[in-house]
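Okay, here's what each chain looks like letter by letter:
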Amino acid sequence: MNLLRPLQTLLRPPLLVWEHVLVSLVLATLLGRAIAALNSGLFPQKYPQLIVGELAWEVGSKSPDYLILAGFLVAFFLVYPGLRLLSAAIEQTNGSVAEEAFRQLLLYALIPIGLWISYSCLSNDPTLDLILFSTVLLLLVLAFAGAALVKRLETSSKADYVASVGGSVLLVPLALFNGVALMLALSRLNLAWQFQIGAVILAAGVGVGVAIAGLIVLWLRAVSHFELQKQLRFCLGLAQIGLPLYFFALLPTPWIGEQGRFWGDRFTPALYGLIAVLMAISYLDWGKRLRRQRDFKQPTDLFLVLSPLCLVGLLLYIKMPIAGANFLNPDDYHWGEFLLPWWLWQTFHYVPFQDYEPARGLVNYVPGLFANLFFSGDAASYLAVASKPILSVPYFAIALPILANTIGLLPAFLALIVMPSPGGLFEIDLLVTAGLCLLANAFVVQHWVRYLVTWLALCPLLILFAPGNGGLFTIATFPLTAIALYQTRRLERRYLLRGAIVVVGVALVLIVFTPLDQMLLGAIRYGLEQSSLNSVAYGYEWFKSRGSQTFLSYSLWELVRASWIVITVGLGLLTYQVVLQRERVQRSRFLAFTVPVLLIAVLLIPRAAGRIDPGSLSRLGQTSAWIICLLLPIVLMITFERRGRAVSLLGIALVGGLLGFGFEAPPSFERIMQQPVAVVNPIGLNLVNGAAIGLPVLDGVVADPAHLLRLQKVKAIMNAVLEPGETYLDLTNRNAQYFYLGYPPPIQAGAVYNVIHKNQQLRAVQRLQTNPPPVVFAADAASRLSGNQVALRSHLIYRYVVENYVPVAVDQFLLLVQPDRVQRLKALQNAIPAVDAPLIPMVLDADASTRMTLLDYAFELPQLDGVPSSWGRSFGSLKSTMRKVGEVDAKPALNGVETVNGDRYKVTSANPRLTLDVSALNVNGRDTGLLVFDFACKKRSKGQLAIRWQSTSVGSDPEAVMQLTPRNGKQIVPLDAAPRWLLAKGIQTVSVEPLDPACTEFSLSNFSLYQRAEVANN
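Residues numbered from 1 in each chain as written. Predicted model: local features only at pLDDT ≥ 70, side-chain atom pairs only at ≥ 80, totals over all residues. Heavy atoms only, no water.

Participant: Would you take a moment to explain the state of the cysteines for this structure?
Facilitator: Where two cysteines share a covalent bond between their sulfur atoms, that bond is called a disulfide. What the rule picks out here adds up to 1 disulfide. Here Cys937 pairs with Cys999 through a disulfide, and the sulfurs are 2.2 Å apart. Of the two residues, Cys937 sits in strand E12 (residues 930–937) while Cys999 sits in the loop between strand E16 (987–994) and strand E17 (1001–1012), which places them 62 residues apart along the sequence. Cys999 gets classed as buried once you look at its relative accessible area, which sits at 4%. (Disulfide = S-S within 2.5 Å. Helix = DSSP H or I, 4+ residues; strand = E, 2+ residues; numbered from the N terminus. Buried < 20%, exposed > 50% of the residue type's maximum accessible area, 1.4 Å probe, protein only.)

Below you can see the structure in the form of structure tokens.
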């Protein structure tokens, strides 16, 4: 009878418990792998004959391959029944709620496995650390569940069981991290103490051993869940004692030389002060929770002893990379977006959004603030800050406590683990999410005035911090704000008046004593201008990225990076279900969080889909990471609360890890243990001596020699041309170069590529006219991209410099210089050391023809391809931005072409041409720049044309040509993008030459000359 009882238990429905199946799969896989590894180590491959094959060459063995499969099957059918029997025993001894809690704890333990599965989808060689960590957690759950079974602890609620077993499990990793924290602090406090990784592992092992020994004592003495939890609360509190030490990770990685370890990065005492403050605040919060732990009464109160501030330090450490030397970023365009903002504010007092428009908002000022406050403020300092733990401090310190207050500390910790770290974009998502939680929590408790004041404070701050996402936040939260305003007027009218007086008073003070009002208006203007052109200025067609990612299939790759859309559909369906089925209180709480999330997800479509770069997750993936890693956990935790928390978190690990780890590698045991002993070895690195080369801001960085030589040459040119207090204009989009050389940009942006709106260009030209820079960098032969877009993209700036400067060639550079400064360049013959090669002959006193050739080189356009057709298809919306100069005679002179019927023509011989006489219009090139006409090829949807012109100033110029590939329809050809047209005097003729041999019959009609409205009267 006793033998049949287990069989009866196994046959009792349900036969398949999916939590047990998942755990069995994991444990069976590890057991099978362990059996195979043991066989490989103990039993070599047996050879019946002298056979040579791949196994012999590699000293391999086939037995493990068989054993891993057989071991998996055997282990699974041993583990699964064992789990079923254990669950049955728990249910019989501890109660059915204990059994449910046991299965829930198994799911919690599988979360690291979920992260590993996600990462393995995007990596060919994923680390096994997460699997091992999950296995340890599973074994701990089984061990403590067995202890509760042996002790026959009666369980009245699921929370009791989760608190006792889950708290015991949590104590072990906390103890492990205490040992690592101690070694980190010791290694940073005294660089003479040189530890090996074995010492770190030993310290972590001692912590784990002490924790396990303590837990054994606690469980042996336990007589009830209540008594056990009292002791566990104290132990969990005590186990956090070392976590604030992780703030020592904010110190840079030490360097090592012949005399031992030393600090290679120059940091200020303020960094020690920051670490001390963070540690002090964390210990204060820790001490307060430890003192209050005796007051906790409910089982769930057990986890209230955990300090979010202590976990911020742990979070920083887990996510930090092992930092090496400071390599100078070769991407001057994107890197300059972080170098310039704070430096311009600090050095030249440029007001944000007035004197300088940061690409993403005040978020770009944070790296500079930290680089100057905690380091020496040079280029190496920015590199020591960017994407390092110190940059994450304010965002994690804000986001983790607010998220923890909303969904619980451990779910919030998991969300931030899978969420990519701050470093340019994701800090914006963290703060917007924190703002949503603050507002939703105030809405739920119906503190209407507090909600309105919070909203009035958050919206301007987020708009300043990131105009795009801040604007979306304002729109997405407006429905809740309208309800809160209505409720305030109805229920709290008296407090509304007081709040309004306070808000107005604070606003007046800020307006009088700070430039915040100018900054806010500028940020709103910047956001509106950029958003109106963002898609057409920066967008790529989605289908052109097809096949650009080789590891995943096309459909799976696109599903991964656009998964936020699928999640949004799911949230919409969930909202529908909650509205119909939940009670009013639950429905209100759910909608307070979900409505803004849904609105943001929809409003993000233009922003996210505007940049879909081939081969990367790009903005689609970044949006998906935000929605899935941060916003989805909030909605799921609010919806299912504790009932579905384990399943929800496992789902977040599976899906969120897929997106989050697509941007950065997950935590690994090696990295965690290596951090306290990691060092930078500078031997063999090309460290820059900034003072020796006249670029002190580059001191201490590792730079590519070619990049460094280029900067030296540019500096020599500046020294020759510029007077103190003057600057130059860069058209090559090398933002960072301004910082390296110490010159502020003369316009509101470091990169002309970003000055696209006509209002932005008009403001830039006005500043150039007010204080014209003596020199303009127009092109760089060493790294010139094919096709300079300045003439098309920032036309007004291009027009200004072409008309007011003289082109010269110096070494590899094409410069535009004020006429009175040209001769200063002659002093450069011996100014630049011949590192690679001496300076090439200069072109200074050039004749008109040579100057035009130099301008062609500087503003060389690729074939216009479909640009005229794209604009032509939008003629209706563009018409208001143009002014008609005049219509062109519809009867062109023909050469090699004959008229077929009206405006239809046919090529009859070589060198076909249709020549239009425009002399009657009496225009110069600067007076009219757009040629508008209709084109259609009879047999094809496109053709190929060349546009030529003649003028009285130059006559017949073979270089005065522009080629395009028009699609059938209206064309708008920007002839003024060619310097030879813009500077031409007295335009006489415009010729159209058909070049496509497959399009010999076509129509041309309705020729007109237009001018851009913004320059029509200049």
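So that's the structure; there's more coming.
Participant: Help me understand the packing of aromatic side chains in this model?
Facilitator: For the structure on display, the rule yields 39 aromatic pairs. An aromatic cluster of at least three residues, connected via ring pairs, comprises Trp343, Phe348, Tyr350, Tyr382, Phe739 and Tyr740. Residue placement shows Arg767 over the ring face of Tyr350; its charged tip is 5.9 Å from the ring centre. (Phe/Tyr/Trp six-rings, centres within 6.5 Å; stacked < 30°, edge-to-face > 60°. Lys NZ or Arg CZ within 6 Å of the ring centre and 35° of its normal.)

Participant: Can you walk me through the sheet that holds strand E4 (residues 775–780) in this structure?
Facilitator: Sheets are built from strands paired through backbone hydrogen bonds, the pairs being either parallel or antiparallel. Here 4 strands make up an open sheet; going across it, the order is E3-E4-E6-E5 and the pairing mixed. On the outer flanks of this sheet lie strand E3 (728–730) and strand E5 (806–810), each paired with one strand and no other. Along the sheet, successive strands turn relative to each other by an average axial angle of 30°, direction set aside. Pairing analysis gives 5 bridges linking E4 to strand E6 (residues 813–817), with the strands arranged antiparallel. (Pairing = 2+ DSSP bridges. Axes fitted to C-alpha atoms, helices over the stretch in contact; angles between N-to-C directions.)

Participant: Even after reading the chapter, I still don't get the confidence of the model for the protein chain, so can you show me in this structure?
Facilitator: Keep in mind that low pLDDT regions are not for reading the predicted coordinates in detail. For the protein chain, per-residue confidence averages 86 on the pLDDT scale, and 93% of positions sit at 70 or higher. Taken together, the stretch residues 832–840 has pLDDT below 50 and engages in 10 contacts with residues farther than four places along the chain or on a different chain. (pLDDT = per-residue confidence, 0-100. Contact = heavy atoms within 4.5 Å.)

Participant: Explanation requested: the sheet that holds strand E11 (residues 913–917) in the structure shown.
Facilitator: Reading across the sheet, the 5 strands line up as E8-E11-E16-E13-E14 and stay open at both edges, with antiparallel pairing between neighbours. Of all the strands in the sheet, just strand E8 (893–895) and strand E14 (955–964) have a single pairing partner and so form its edges. Along the sheet, successive strands turn relative to each other by an average axial angle of 20°, direction set aside. As defined by bridge partners, E8 adjoins E11 across 3 bridges and the pair is classed as antiparallel. Within E11, the residue paired with Leu894 across the bridge is Leu914.

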